[in-house]
Amino acid sequence: MKSLWDDAEAARFGGPLGPRVYTSRLLGRDKSLVLHGGGNTSVKLRESNLFGEDEDVLYVKGSGWDLETIEPAGFTPVALAHVRRLAGLPSLPDPQMVNELNTHMLRAGAPSPSVETILHAILPHPYVDHTHADAVLSVSNAPEGEKRIREIYGGRVVVIPYIMAGFDLAAHCAREFPRQATPSCIGMVLLSHGIFSFGADARESYERMIELVSQAEEYLQKKKAWHFSFSSEQPPAAKREEIASLRRSIAGEAGVPVILKTTENRKFVAFARHPDAARLSQKGPATPDHVIRTKPLPMLGRDVTGYAKKYREYFERQAPHAKDRKTMLDAAPRMVLDPQLGFAAAGRTAREAQIVEDLYDHTIDVILRAEALGGWRAVGERDLFDIEYWDLEQAKLRKAGSPPVFTGEVALVTGAASGIGKACVESFLARGAAVIALDVNPAIETMWPRVDVLGVTCDLIDAKAIESSLDQGVKRFGGIDMLVLNAGIFPSSQPIQEIAAQTWKGTMAVNVEANLAVMQMCHPLLKLALRGGRIVVIGSKNVPAPGPGAAAYSASKAALNQLARVAALEWAKDGIRINSLHPNAVYDTALWTDEVLASRARAYHLTVEQYRKNNLLKQEVSSRDVAELAAEMCGPLFAKTTAAQVPVDGGNERVV
């Protein structure tokens, strides 16, 4: 492990908290140290208060902030003297501890201080860094972990047994740290939890962390427990219907829709096929902190009912020993190890699923390295239960508001790179959905650089391209719940006698045949949607009121409309509802080039400006207007509506 400190980069971080922000970000860059909000850092500063009096202030990472991107506002100032005194109390229940920390914050609106604030306060150093370094966990979770840690570090670290984070851990460290600390002490190892480093300035504390973790890495290398090779053998890919079926089973057990992200890279597949996978995977997480996101154990195979039964038994075994009454969480797995799938991560959102995957990616490293040292082990079931059902986490669940309406659901939008399709992506994202965005334009792949959008270049007249796109989408998100058929072409205006055969066939191929192919391939996935499949067809005013010069377009949209009506009849038994929107005069789309717009205006003997607002309300209709209604039609307000045809045209007298 190498120090990432750069003098020029560090100089850009000004202010009293600048060095603290900079080295926190350096730690956050290294995923083998911290992941997704893990770890915490602090600094003790002496500041003048409103009365000009000097007081000691502890700035500690606030709840909800990630070290990789933390800003000065992410550090919560608390009264150091008061927090230090808390460690001397004989006991302090979690709710009271939180109250004491929150009532002694020195900045209104600051995030809640870390639950390890008291621990940071009692350490007698200005700068303190805490990570969950993979290498250190690999050593401490091996046989004779404490002995190995002391062998590596000698008197340079204080060693603390596993104690759940919070007051008890801080109080124990307040007693034990002075007893163990030597003049050469630069850190502290919490067995099965993580490692601390500290120093007089930000750089010293950071580089001591790098030094300590590097020593653990070197130890693992010396013991031939660092590098692993994974077989390149890949099992036959799982069919997308299999993945979607597994997602439906997990969602059914959870009682809410979920995202299911499958990963077939060599490490995950090799671990899932490891001859001792059942033993290695069923001992627990690399550090108990992970259990809040991952549950204690991954599911082996795809028996969701069997997993849920075991989870309920685990709850029934441990709940009676808890200090107060616990409400059982859902029994659905968050992690799946399967010889064919490799690894699958479940979460309420795409981000949650990605976090679960990242955590287990590093967990595999910790497990295999500890196993190479003589045998992987984790903390006991009681300790895992105490973290998973921690009062503070239960309180968060009670206070949590309702998530966006499409949380955990997946929408597929065709023609998503511009106009109505692009607006639909935004509308579904705003309602919490993950989105598979297809378009023939390769720019679709980079338009939304976020974990909940998969942009795929796809020519819908190529059946194999559709198949490939759906495979990618289902692997990324687990299935499809909602489908927006938006892609289409509008050929240049021509009277019927001049329509070329190629124009007619091309229009039908894109506007009808491609949509039929997408519907057919999505049907088995939509059937598995927990809340029922939903399809919105972006039709056209030309269906009820065709215009001169647009025979190919009007006929193709009319054919698509009839296809949707028949699908509503046939697919209702599968819980799939399908509705159509008929926009008109939506000009911020790829269909409406200046040339097409001018030719259509001439066909109606209007100027372009008159044509833009050629409706009863004299208002221009935007892509967002159509997209918002498309999203709403997939929501609960239209749960009992199918085969509807709704105009979005400002009122057209020929339709009315």
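Conventions used here
Numbering of residues starts from 1 in every chain and runs along the sequence as written. Local features in this predicted model are restricted to residues whose pLDDT is 70 or higher, and side-chain atom pairs enter the listing and the counts only when it is 80 or higher, whereas totals over whole chains, interfaces and linings include all residues. Only heavy atoms go into the side-chain values, all of them from the structure, while hydrogens and water stay out. Helix and strand assignments come from DSSP, with helices taken as H or I runs of at least 4 residues and strands as E runs of at least 2, each series counted from the N terminus. With a 1.4 Å probe rolled over the protein chains alone, any residue whose accessible area is under 20% of its type maximum counts as buried; one over 50% counts as exposed, and the rest are partly exposed. Whether two residues touch is decided by their heavy atoms; if any such pair falls within 4.5 Å, the residues are in contact. The sign given to each residue is positive for Lys and Arg and negative for Asp and Glu; His and the chain ends receive no count. Working definition for charges: the position is that of NZ of Lys, CZ of Arg, CG of Asp or CD of Glu. Only protein atoms enter the 1 Å grid, on which a cavity is a set of points fitting a 1.4 Å probe that cannot get out and a pocket is an open set with protein on both sides within 12 Å along at least 5 of 7 lines, lining residues being those with an atom within 4 Å of a point. Grid points are joined across faces, edges and corners, and a volume is the space filled by probe spheres set on the points. Ten residues, namely Ala, Val, Leu, Ile, Met, Phe, Trp, Tyr, Cys and Pro, are considered nonpolar, four, namely Asp, Glu, Lys and Arg, are considered charged, and the remaining ones, Gly among them, are considered polar. A pair of strands is treated as paired once DSSP finds two or more bridges between them. Only the stretch in contact is used when fitting a helix axis, every axis being a line fitted to C-alpha atoms; angles between N-to-C directions are given from 0 to 180 degrees.

Draft legend 1. Main features of the overall build of the protein. Each helix and strand in the protein was counted, giving 24 helices and 18 strands. Counting only C-alpha atoms, the protein reaches 95 × 65 × 50 Å along its principal axes. With 656 residues in all, the protein has 55% of them scored as buried. In the protein, of all internal contacts separated by at least 6 residues, the share reaching a separation of at least 24 is 72%. For the protein, the distance from the average position of its 75 positive side-chain charges to the average position of its 77 negative side-chain charges is 3 Å.

Draft legend 2. Region of interest: unusual backbone geometry. One non-glycine residue with positive phi stands out, namely K295, at about 65°. Counting through the fold element by element, K295 comes out in the loop between helix 13 (291-294) and strand 9 (299-300). Look at K295 and you get buried, because its relative accessible area is 3%. Residues other than glycine seldom take positive phi values, yet H605 does so here, at roughly 60°. Along the chain, H605 falls in the loop between helix 22 (594-603) and helix 23 (608-612).

Draft legend 3. Just empty space enclosed by the protein, in detail. Here the structure, examined in full by the defined rule, presents four cavities of 30 Å³ or more. Roughly 70 Å³ of volume is contained in the largest cavity. Around the largest cavity sit 13 residues that line it, and R247, R248, D481, L528 and A529 are the ones nearest its centre. The greatest single-element share of the lining of the largest cavity, amounting to four residues, is contributed by helix 10 (residues 240-254). Class assignment for the residues of the lining of the largest cavity results in nine nonpolar, one polar and three charged.

Draft legend 4. Representation of the sheet that holds strand 9. Taken in spatial order, the four strands line up as 8-11-10-9 in an open sheet, and their pairing is mixed. Looking at the sheet topology across the chains shown, the edges are occupied by strand 8 (259-263) and strand 9. Strand contacts of helix 15 (residues 350-372): strand 8, strand 10 (335-338) and strand 11 (342-347), with the helix running at about 140° to strand 11, the strand carrying the most contacts.

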